Amino acid sequence: MDGHVAPPNRYLVRLALLAVLMLCVPVVLAARLVDLTIDRGDEMLARARSVLTAEEFLPTRRGSILDRDGRILARDEPGWAVALHYDLIGDRWLDRRARSLAKEGLGADVWETLSAGDRRSAAAAARIDAAAERAGLLRAIAEATATDLADLQARIADRRAFVARLRDHVHHAQRDLALDRHLDEGRRLKDFSFAAGPIREEQRPYVVIDDLDDEAALLVRRIADANPAWSEMIRVPDARRRTYPWREQQVEVDRSVFPRAIRSDTPAYVALEHVADHLLGGMRPAQQPDVEARPFRRGDGETDLRGYRDGDRTGGRGIERIFERELRGARGWVRRDAATGGEIERVEHAPGRDVRVSLDIELQARLEALLRPEVGLAVVQPWHENPFLRTGRPLDGAIVVLDVETGEVLASASRPTFFEGIERAREMDDAEAWAKGPLVERAISGFYDPGSIVKPLTLVAAATEGLVAPGEEIECTGHFYEGAPNSARCWIFRPRWDFQTHGDLGPSEAIARSCNIYFYELAERLGLERIERWYGRFGVGRELLEGGIGHRGATPDPARIRASGSPAYGTIILGIGQGGVGWTPLHAAAAYATLARGGVDVGTTLLAGRGGRRPEPVDLGPPAWAVDAALEGLRRSVSERYGTSHHLRHPDGTIEPLFTCPSVVVWGKTGTAQTSWGGLVNDPWVVPTPEGEARPAPPTHAWFTGLVGPEDVGRPKYAIAVLLEYGGSGGRAAGPVANAVIRALQHAGYLPGADLPPTDGGAS
Amino acid sequence: MSGSAATVGGASARDRYAPTIRTNMRALEAPTLRFWSPAWICAGCALLLSIIGIASIGTTEPGYMTRQAGFLCVAVMGAAATCVPSYRLLERWHGVIALVVLGMLVFVLVPAVPESIVRPRNGARRWINIGVTDLQPSELAKIAYVVSLAAYLRTHRHYRRFWGLAVPFALTFVPMGLIVKEPDLGTSLLFLPALFTMLLVAGSRLRHLAIIVALGVLAVVVVVATPARTLLLEPHQIDRIDAFYHQFVLQDDAHAQGIGYQGDKAMMLVGAGGWDGVGAEMAERLVDLNHLPEERNDMVFAVVVNRWGARAGVVTWILYLGFCLGALLVAATTSDPFGRLIAVGISAIVFAQMTVNTGMTIGVLPITGMNLPFVSYGGSSLVATWLMTGLVINIGLRSAQFLRRDAADFDTFEDPA
């Protein structure tokens, strides 16, 4: 020993062991650090940097909808919305506010000293006050925006429910994913646990009130600014509102061409509140399916400025929906420095394109006015001799006017209107609503048997197929099957008219007289397949308008008719538009327009000038004689005393001409289409059936389909279809409406003669 | 030794010789200062870490940088002052020191103490207001504990037997219990690594320590992973463990917005630093706008890596290793068992604290409230760690003494008779 004791080896070994342990720890930590910084560094940096800038989206302007004359039917106007943050909609704000109220109440000094548990209890006690504060806030917002408080609360509950559903869905998916991963890694099911976190939808504001003007928006902003606890929760985003300047109109109805009982030299004035609402449609907030179809944030993380976020406005129905893509436009976008608010990058919004539709909004209003019951045409009247509805019962129906040359829809009026339909639907159960279809837009979606208005089309079909010769006459014997006078009869073969018959008839006269036997014969010659094909050629079963709106109609199903008890009968009645075929008033007008063009189909459109696209005409190839004969038949139907569209017979036996507008030529055909009683359930206006008696023959819809042109031109310019549901006789009920439609076309400048009085309107 | 003097000459002889013997012993115990000591490695590393800390704090809030620099001056002066009297004085006074510190630990818990003196924060009673600043007794308790345990182990040999470990453990649980009560679970847990490393170098049997560690791990598993946890842990502790499990084991972000928010933000900012770091200006914005909680205190390591990159993280760890291994070298080159045990204990505490703090920042350990020694903002903690540094320097500067008893030394590694 030389003074210093050498440290013993075993002690040093233990120190060394300690040193090695210490060296190992940073190695483990460093491995993790490399994973975070090198392997996942870019991802982490991107996440960290995402807060440096704040993105803000600039609203776009939706395109306007113009009518054929350039009148603005729908436009975006500056407006504001109220959006509440989900924290306020859910309960997070309430919790936070309760905590800060508790803190205020106790004083920050005392609060500081409390343990977490004590703070929770204090906050729970303050929750009542926080809830009262929130209720007061909602009341103030409702007041400032003139919104019904219950409505506002319902909307908030709606949002809450929506997010809750979404959260369940997302958590479910996340849990499944985590479970898959857990099991893939070979771990046991009982070791699995899943903690669900908040989803993105819980971290943003939701629009609860929109369509606010500047003043209301200012009031809401003041409410938000009044309390710092609220200001983060309430946003007043720039949310343009959609206005429809022509929705309300005052229309003058010329009653000088009406049937004598309701005729007047002074016009009627009708106030309309929802002109073209069915067709123009409206906006609704985008929902999950819209967002999924075109998301604003795509799966790859990119932003689609034309895409949808939940709550965006989107066209809900009608033209707003059909032309959504054109009208929508693209958002603009600003990226700002989160700290300074300075602008870093900006993309201006792209306004939506304007859409010019083929409608004439003024004509549309005139026609809608004709369907109002107070005007007197769309009501059961004594001269209708309606056997199943009592006089005075308002009639639903539709009027369609097409431009023959272009196929453009000039007007398409339906009753009930969309808003009337909503009102009615409220009072119906599901079964009744299904039978009556209160929300169905009759003009383009109402589905009806065509009845006799198809007779000219049957002629053209048979002629084109070479099954009837020019000038060939067919004898009307009153009933089609020999020895069976009670089946397949002509309408004239009735005890009321001493079982008359039409005798030998050529094609034009057959149309003018609307002989059933003639067209039974043609239908038999055509056979099921050809009839089906020809209905298809005239547009039945086809989408007629852009965006697929409206009913396609249904061509007869040969297999079903063959399978029925009497296929031969099923075939012949198709020749007069009954049994197994259905279409809409728009189909009827379109088919007549095709006929007027000599059998050339150019389709129909809602766009003025077809939006620049040229239609591809399809020539159905009918022989000229057949088209001429059909038109001649339609003209004689109106002009000859024996024609079914010639006059109106009153209950007192007097008659008056149906078509009285000067300076025009009318080609037309009435139709009385049998239907079921389904649409009349619970209807107090139905004429009661005497006890013990069977119900009378099925009720009928009243059709009139026709063409009209200026007298000096001499060929059809516009195709018109009028339908009155359960109107009874086509000639008596729908005919006078068609006459008024022609008068409206004159007043709207489409036909000459507006300034001239009706022709022998007073004749009897 | 004094006992043997008494037997030589009786009471009168003792009276006569005692002053001489005392003088001679003092001469023997007088410092033989040596300036080349591994303790300077510790001092250098501590200084560099403190500078990194100041710069990082400046990244988050320049105002705090100046204050931390001020704290550093005080801390360094404190450390220098600690170096002057020989650490062996502590051997004589450790009982008093321990009592004073225990008194302070009890004091903060006494409900009757007015809040002007012990001001609870977030429900925790950890600080004593001493006018100029708040004093955190648990920081001093770490030092007092190491010194007391060293003094105990230096004079006893029971810990070579399994049940003999009961006393050191009991000594440990007293301050731990008081600190857990504050509550400050994180700080209290630091006593355990200090205890184990000091027992290890003092000569406890490895298999005894291994058994205790095994039992401890079992206990932790029972507490954390079985239904018993609902009885034994606070709800927020269970949440934190769950958050950690999701974050580290499942690697999902299920808790990223809730209880795991702090850990998630810290990990993100660490990862965002990459290898080279994002630089001062960007780091300032990222830390600020991402709302990293406790960015100057518990989460300061995330700021370090974010600003200077993973390389700065590695350098930081190297500096801690430098400090801790330096302290172990001091222990290795000192033959005085008391000094050895203190150096090892301090090394263990700093190392454990560093591991827990950086480990939770990078997401390999659950979040617990613990700051990063030397680097985190705060006067009490900085002064306390520098006092520990001063103690290590003190030990390092004083060379081994002739005639010292070899407790906890070579021969004691043999089984006690």
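Scroll up to find the structure this text is about.
Just so you know, these numbers come straight off a predicted model, no measurement behind them. (Residues numbered from 1 in each chain as written. Chains lettered and ligands numbered in written order. Predicted model: local features only at pLDDT ≥ 70, side-chain atom pairs only at ≥ 80, totals over all residues. Heavy atoms only, no water.)

**Q** Would you mind showing me how to read the overall build of chain A here?
**A** Counting secondary structure elements, chain A contains 25 helices and 25 strands. The 764 residues of chain A split such that 51% are buried. For chain A, the share of sequence-separated contacts (at least 6 apart) that also reach a separation of at least 24 residues comes to 74%. Carbon together with sulfur atoms contributes 50% to the accessible area of chain A, which is approximately 34,300 Å² in total. (Helix = DSSP H or I, 4+ residues; strand = E, 2+ residues; numbered from the N terminus. Buried < 20%, exposed > 50% of the residue type's maximum accessible area, 1.4 Å probe, protein only. Contact = heavy atoms within 4.5 Å. Areas by Shrake-Rupley, 256 points an atom, 1.4 Å probe, with all protein chains shown as cover.)

**Q** I'm lost on the interface of chain A and chain B in this one. Help?
**A** A common measure of how large an interface is: the accessible area buried when the components associate. Taken residue by residue, the interface counts 50 residues in chain A and 69 residues in chain B. Interface area, chain A with chain B, both sides summed: about 5,100 Å², of which 68% is carbon and sulfur. Ranking the residues of chain A by area buried against chain B places Y11(A), R14(A) and M22(A) at the top, with a combined share of 15%. Remark: the boundary between chain A and chain B carries two salt bridges. A salt bridge links D337(A) to R285(B); the nearest nitrogen and oxygen atoms lie 3.1 Å apart. Contributions of two or more residues to the side of chain A that touches chain B are made by α1 (9–39), α2 (41–49) and α5 (108–113) of chain A. Sort the elements by how many residues they give to the side of chain A that touches chain B and α1(A) lands first, with 18 residues. (Buried area = accessible area lost by both parts, 1.4 Å probe. Salt bridge = Lys/Arg side-chain N within 4 Å of Asp/Glu carboxyl O.)

**Q** Would you explain empty space enclosed by the protein in this entry?
**A** Rolled over the atoms, a probe as big as a water molecule pinpoints where empty space is left. All names here are of chain A. Counted under the stated rule, the structure contains seven cavities of 30 Å³ or more. One number sums up the size of the largest cavity: a volume of about 100 Å³. V454, L457, T458, A461, L526, I531, W534, Y535, F538, L574 and G575 together form the lining of the largest cavity. Of all the secondary structure elements, the ones that give two or more residues to the lining of the largest cavity are α18 (455–464) and α20 (516–537). Of all the elements, α20 adds the most residues to the lining of the largest cavity, at four residues. For the lining of the largest cavity, the residue count by class is nine nonpolar, two polar and no charged. (1 Å grid on protein atoms, 1.4 Å probe; cavity = no way out; pocket = protein on both sides within 12 Å on 5 of 7 lines; lining within 4 Å. Points joined across faces, edges and corners; volume = space filled by probe spheres on them. Nonpolar A, V, L, I, M, F, W, Y, C, P; charged D, E, K, R; others polar.)

**Q** Where do I start with a negative patch on the surface in this structure?
**A** The grouping of E61(B), E281(B), E284(B) and D288(B) at the surface amounts to a negative patch. Looking at the secondary structure, you find D288(B) in helix α13 (residues 280–289). (Patch = residues over 30% accessible without salt bridge, like charges linked within 9 Å, V, L, I, M, F, W, Y side chains within 5 Å. Lys, Arg positive; Asp, Glu negative; His and termini not counted. Charge placed at Lys NZ, Arg CZ, Asp CG, Glu CD.)

**Q** What's the story with the sheet that holds strand β13 (residues 343–347) of chain A in this structure? I'm lost.
**A** Two strands in a sheet stick together by hydrogen bonds in their backbones, pointing the same way (parallel) or opposite ways (antiparallel). Residues and elements named next belong to chain A. If you trace the three strands from one edge of the open sheet to the other, you get β1-β12-β13, paired in antiparallel fashion. Single-partner strands in this sheet number two, and they are β1 (53–58) and β13. Looking at each pair of strands side by side, their axes are set apart by 15° on average, direction ignored. Two elements, β1 and strand β12 (residues 332–337), share six bridges in a ladder whose sense is antiparallel. (Pairing = 2+ DSSP bridges. Axes fitted to C-alpha atoms, helices over the stretch in contact; angles between N-to-C directions.)

**Q** Explain the side chain of D312(A) to me, please; I cannot follow it from the model alone.
**A** All names here are of chain A. Inspection of the secondary structure puts D312 in the loop between α11 (288–293) and β11 (313–317). Of the polar contacts made by the side chain of D312, one reaches the side chain of R331; its length is 2.7 Å. With sequence-adjacent residues up to four places away left out, D312 is seen in contact with R284, P285, A286, G307, R328 and R331. (Polar contact = N/O pair within 3.5 Å; in protein donor to acceptor, adjacent residues only side chain to side chain.)

**Q** Even after reading the chapter, I still don't get the pattern of salt bridges, so can you show me in this structure?
**A** Two side chains of opposite charge can pair, provided their charged atoms sit close to one another. Residue and element names in this part refer to chain A. Under the counting rule described, the total for this entry stands at 62 salt bridges over all chains. As a salt-bridge pair, E408 and R68 come within 2.8 Å of each other at their nearest N and O atoms. Highlighted residues: E408 in the loop between β15 (397–403) and β16 (409–415) and R68 in the loop between β2 (65–66) and β3 (72–77), separated in sequence by 340 residues. Residue classification places R68 among the buried residues on the basis of a relative accessible area of 18%. D396 is the salt-bridge partner of R424, the closest N and O atoms lying 2.8 Å from each other. In this pair, R424 is assigned in helix α15 (residues 418–426) and D396 in the loop between α14 (361–370) and β15, connecting sequence segments 28 residues apart. The class of R424 is partly exposed, set by a relative accessible area of 27%. The class of D396 is buried, set by a relative accessible area of 10%.

**Q** How do you make sense of unusual backbone geometry when you look at a structure like this?
**A** Excluding glycine, residues mostly have negative phi values, and the peptide bonds linking residues are mostly trans. Residues R415(A) and P416(A) are joined by a peptide bond in cis, for which omega reads 5°. Cis geometry marks the peptide bond from E182(B) to P183(B), where omega comes out at 5°. Positioned with a positive phi, A276(A) is a non-glycine residue whose angle comes to about 60°. Within the element layout of this structure, A276(A) appears in the loop between β9 (268–272) and α10 (277–280).

**Q** When you look at the packing of α2(A) against helix α12 (residues 261–273) of chain B in this model, what are you seeing that I'm missing?
**A** To characterise two packed helices, one gives the angle between the axes of the helices and the distance between these axes. α12(B) packs onto α2(A) with a crossing angle of 115° between their chain directions and a minimal axis gap of 7 Å. Handedness of the α2(A)/α12(B) crossing: left-handed. Each of G41(A), M44(A), L45(A), R47(A) and A48(A) in α2(A) lies in contact with α12(B), whose residues at this interface are D264(B), M267(B), M268(B), L269(B), G271(B) and A272(B). Split into classes, the residues belonging to the contact of α2(A) with α12(B) amount to seven nonpolar, two polar and two charged. (Left-handed = near helix turned anticlockwise from the far one by under 90°.)

**Q** Mind showing me how you'd approach the sheet that holds strand β25 (residues 718–724) of chain A here?
**A** Residue and element names in this part refer to chain A. Strand order in the open sheet formed by five strands is β16-β15-β25-β24-β23, and the pairing between neighbours is antiparallel. One side of each edge strand has no neighbouring strand; the edge strands of this open sheet are β16 and β23 (664–674). Neighbour-to-neighbour, the strand axes of this sheet turn through a mean angle of 10°, independent of strand direction. Where β15 meets β25, seven bridges bridge the pair, whose relative direction is antiparallel. For I399, the partnering residue across the bridge sits in β25 and is V722. Against the sheet, α14 engages β15 and β16, with an angle of about 30° to β16. Across the sheet, helix α24 (residues 624–639) is in contact with β23 and β24 (700–710); its angle to β23 comes to roughly 90°.

**Q** What should I look at first to understand the packing of α18(A) against α24(A) in this one?
**A** Residues and elements named next belong to chain A. Running from N to C, α18 and α24 cross one another at 165°; their axes reach a closest spacing of 9 Å. Taken together, the axis directions place α18 and α24 in an arrangement best described as roughly antiparallel. α24 is crossed by α18, and the crossing has right-handed handedness. Taken together, the residues of α24 that come into contact with α18 (itself represented by P456, L459, V460 and A463) are W625, A626, A629, A630 and L634. Classifying every residue of the contact of α18 with α24 gives nine nonpolar, no polar and no charged. (Parallel < 35°, antiparallel > 145°, perpendicular 65-115°, else oblique.)

**Q** Before we go on, may I ask you to explain the environment of G407(A) in this structure?
**A** Residue and element names in this part refer to chain A. Mapped onto the elements, G407 comes out in the loop between β15 and β16. When the C-alpha atoms of G407 and R610 are compared, they prove to be 9.2 Å apart, with 203 residues separating the residues in sequence. Setting aside chain neighbours within four positions, we find G407 in contact with L402, R597, V602, G603, T604, T605 and R610.

**Q** Please explain the pairing of β15(A) as it appears in this structure.
**A** Strand residues, when the strand is regular, have side chains that alternate between the two faces of the sheet. Residues and elements named next belong to chain A. The element β15 is extensively covered by neighbouring structure, given that seven of its seven residues are classed as buried. Burial of the side chains of β15 extends over both faces: G397, I399, V401 and D403 are buried on one face and A398, V400 and L402 on the other. Both β15 and β16 contribute to a ladder of six bridges, which runs antiparallel. Residue V400 lies in a different strand from β16, and its bridge partner there is S412. Counting the residues between successive antiparallel strands, the hairpin from β15 to β16 contains five residues, one of them, G407, with a positive phi of roughly 80°.

**Q** I'm lost on the packing of aromatic side chains in this one. Help?
**A** The relation between two aromatic rings is expressed through the spacing of the ring centres and the mutual angle of the planes. All names here are of chain A. All told, the structure shown has 24 aromatic pairs over all chains when counted by the stated rule. Relative to W677, the ring of F388 lies with its centre 6.1 Å away and its plane at 80°, an arrangement referred to as edge-to-face. In this pair, F388 is assigned in the loop between α14 and β15 and W677 in the loop between β23 and β24, connecting sequence segments 289 residues apart. Each member of the pair, F388 as well as W677, carries the same accessibility label: buried. Among the aromatic residues, ring-to-ring pairing joins Y448, W583 and W703 into one connected group. Directly above the aromatic system of W80 lies the positively charged group of R221, at a separation of 4.8 Å from the ring centroid. Between the NZ or CZ atom of R247 and the centre of the ring of Y244, over which it lies, the distance is 4.1 Å. (Phe/Tyr/Trp six-rings, centres within 6.5 Å; stacked < 30°, edge-to-face > 60°. Lys NZ or Arg CZ within 6 Å of the ring centre and 35° of its normal.)

**Q** What is the right way to read α15(A) from this model?
**A** Because an α-helix packs 3.6 residues into every turn, residues spaced three or four apart end up facing the same way. Residues and elements named next belong to chain A. Within α15 the residues assigned to the buried category are F418, E420 and G421. Viewed end-on, α15 has its buried residues packed into an arc of 155°, placing them on one side of the element. The inward-facing, buried residues of α15 contact α10, β11 and β16. (Arc of directions from axis to C-beta.)

**Q** Help me understand α12(B) in this model?
**A** All names here are of chain B. Here α12 spans 19 Å end to end across 13 residues, near enough to the 18 Å set by a 1.5 Å rise per residue. Among the 13 residues that make up α12, 12 are buried, leaving the element largely enclosed by the rest of the structure. When α12 is considered as a whole, its buried residues turn out to be Q262, G263, D264, K265, A266, M267, M268, L269, V270, G271, A272 and G273. (Expected span 1.5 Å × (residues − 1).)

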